[in-house]
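As a plain string of letters, each chain reads:
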Amino acid sequence: MEQAQAPSCYRHPGVETGIRCTRCERPICPDCMVEASVGFQCPECVRGGSGTGHAPSDSRPRTVAGGVITAGDPQLITKILIAVNLAMFLAVRAKPELLHQLDLIGLAFVPQLGEVVGVADGEWYRLVTAAFLHWEIWHIGFNMLGVWWLGGPLEAALGRARYLALYLLSALAGSAFTYLEADLNSPSLGASGAVFGLLGATVVLMRRLKYDMRPVMTLLVLNLVLTFFWDNIAWQAHIGGLVAGAVIAYGMVGVPRERRRVTQWAACGLIVGLTLAAVVLRTAALS
């Protein structure tokens, strides 16, 4: 006899659960249920006024990562990040010298600027600005498509603050690993580190929600093949961002709810610490 499959949470399809809201009787997973005087209730019923006795913030609907679900555009941060990248692209096209002032370079004499520049010369801001720079139209086109396709679902699943932290820390980790491993006089730019961070986070999230992993794993393998077999690609940024994104996402969604807050801070702190260590060690070696 075939065993009956448990129902899925109505807010997180694919997450099986045997718990139902005591008011509306919809299935809810542990990440959604709010303790009531009798049993558990879903966020919508709590918001409608069930009187659980908890603090108002405890009863607000939350994402699978514990972030508060906010009203308004669910892809607001994704759109802002794309707008910033596009604005930087247009600014560099209008004023090409900005490219040499903001791209990621270890230490080199730049003829266009007539001086020695680089992260090792104290220009640490390049680790961040380079992640928002693009020169070729195809480059920014592919990267922004990646941010749009991967970023929207992640922003909805993680919440705005956690999603923004994931994006920025993945971009920074990609830049730091590039600075550590790439040639000093080899400039690098682009949001690829952040995009690969979103890809790594998507793999972790889909595994957590028990979705079919084949499409995202195919996308990951394809991108890794292109990373190592396509000329003029900073593979360091891709790998640095991928690892950072996966680690941060695991800290956000890969642990039980009661340990989530600690592991989220720990995962982000680990990536920040490793990033700083890589930059400091590389700079010390060049001084």
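Residues numbered from 1 in each chain as written. Predicted model: local features only at pLDDT ≥ 70, side-chain atom pairs only at ≥ 80, totals over all residues. Heavy atoms only, no water.

Before going further, it helps to examine a nonpolar patch on the surface. On the surface, W138, F142, L222, L226 and W230 cluster together to form a nonpolar patch covering roughly 560 Å² of accessible area. At the level of elements, α5 (137-158) and α8 (214-229) are the ones that each hand at least two residues to the nonpolar patch. Looking at the element boundaries, F142 is found in helix α5. F142 gets classed as exposed once you look at its relative accessible area, which sits at 57%. (Patch = residues over 30% accessible without salt bridge, like charges linked within 9 Å, V, L, I, M, F, W, Y side chains within 5 Å. Areas by Shrake-Rupley, 256 points an atom, 1.4 Å probe, with all protein chains shown as cover. Salt bridge = Lys/Arg side-chain N within 4 Å of Asp/Glu carboxyl O. Helix = DSSP H or I, 4+ residues; strand = E, 2+ residues; numbered from the N terminus. Buried < 20%, exposed > 50% of the residue type's maximum accessible area, 1.4 Å probe, protein only.)

Another point: the packing of α5 against helix α6 (residues 160-181). Running from amino to carboxyl end, α5 crosses α6 at an angle of 140 degrees, the nearest separation of the two axes being 7 Å. One way to sum up the angle between α5 and α6 is to call them oblique. Between α5 and α6 lies a crossing whose hand is right-handed. Residues V147, G151, L154, E155 and L158 of α5 pack against R160, R162, Y163, L166 and Y167 of α6. Class assignment of the residues belonging to the contact of α5 with α6 gives a composition of six nonpolar, one polar and three charged. (Axes fitted to C-alpha atoms, helices over the stretch in contact; angles between N-to-C directions. Parallel < 35°, antiparallel > 145°, perpendicular 65-115°, else oblique. Left-handed = near helix turned anticlockwise from the far one by under 90°. Contact = heavy atoms within 4.5 Å. Nonpolar A, V, L, I, M, F, W, Y, C, P; charged D, E, K, R; others polar.)

Right, let's talk about the environment of H12 for a bit. With respect to the secondary-structure elements, H12 resides in the segment before β1 (34-35). The spatial distance from the C-alpha of H12 to the C-alpha of Y250 is 17 Å, given a sequence separation of 238 residues.

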